[in-house]
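Architecture and fold: a report
Residue-level listing of the chains:
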Amino acid sequence: MANLFTPTTEFVDVVDGLETVTSIAVKTSSGSTTLSNVAGCKRTKLTKRDMEFFGQAGIESQMVVWHVPNQNLSDNALRPGDTITATAETWTILNTEKATRGTRWRCVCVKQR
């Protein structure tokens, strides 16, 4: 029997366009922390479901979805208000959810001006 795909260890090997984000600022119970050079992240467009929910504000052109591997966050949970910085742009997280069997965070974000 062939080996099955294991997303926790093989996601990076099968997905194109992965980026290393410069930093992720995470709010914690004791203040905040900044994680540097978080590898294996992916930036995608909003889905139809996202557009229906967030598109009412008219800022969907300034919004993206970041997919951030859970294993690279040192047990820090991502929450609305946290920020992701990549390629000299900073994005504020509006909504988060665990995805792909809890192996990554799916974050709907808006670009800061």
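Scroll up a little and you will see the structure.
What this report covers is the structure whose coordinates are included nearby. (Residues numbered from 1 in each chain as written. Predicted model: local features only at pLDDT ≥ 70, side-chain atom pairs only at ≥ 80, totals over all residues. Heavy atoms only, no water.)

This paragraph deals with the overall build of the protein chain. A count of helical and extended segments in the protein chain gives two helices and six strands. For the protein chain, the α and β elements follow one another from N to C terminus as α-β-β-α-β-β-β-β. With 113 residues in all, the protein chain has 38% of them scored as buried. A total accessible area of about 6900 Å² is found for the protein chain, and carbon and sulfur atoms account for 50% of it. (Helix = DSSP H or I, 4+ residues; strand = E, 2+ residues; numbered from the N terminus. Buried < 20%, exposed > 50% of the residue type's maximum accessible area, 1.4 Å probe, protein only. Areas by Shrake-Rupley, 256 points an atom, 1.4 Å probe, with all protein chains shown as cover.)

Moving on: the side chain of Thr-92. Within the fold, Thr-92 resides in strand β5 (residues 89-99). One polar contact links Thr-92 to Gln-112, side chain to side chain, over a distance of 2.7 Å. (Polar contact = N/O pair within 3.5 Å; in protein donor to acceptor, adjacent residues only side chain to side chain.)

Turning next to the pairing of strand β3 (residues 63-69). In terms of burial, β3 is a largely internal element, seven of the seven residues being buried. Of the two faces of β3, the one carrying Met-63, Val-65, His-67 and Pro-69 and the one carrying Val-64, Trp-66 and Val-68 are both buried. Sheet topology note: the strand β2 (residues 31-44)/β3 ladder contains three bridges and is antiparallel. Paired with Lys-42 across the strands is His-67, a residue of β3. (Pairing = 2+ DSSP bridges.)

Moving on, we come to the state of the cysteines. Here, the word disulfide means a covalent bond between the sulfur atoms of two cysteines. For the coordinates displayed, the defined rule picks out zero disulfides. Cysteine Cys-41 is unpaired, with the sulfur of Cys-107 as its nearest cysteine sulfur at 8.8 Å. With a relative accessible area of 0%, Cys-107 lands in the buried category. (Disulfide = S-S within 2.5 Å.)

A separate point is unusual backbone geometry. Phi at Thr-87 takes a positive value of approximately 45°, unusual for a residue other than glycine. Mapped onto the elements of the fold, Thr-87 is located in the loop between β4 (83-86) and β5. The phi dihedral of Arg-101 falls on the positive side, at around 55°, and the residue is not glycine. Note on placement: Arg-101 falls in the loop between β5 and β6 (104-111).

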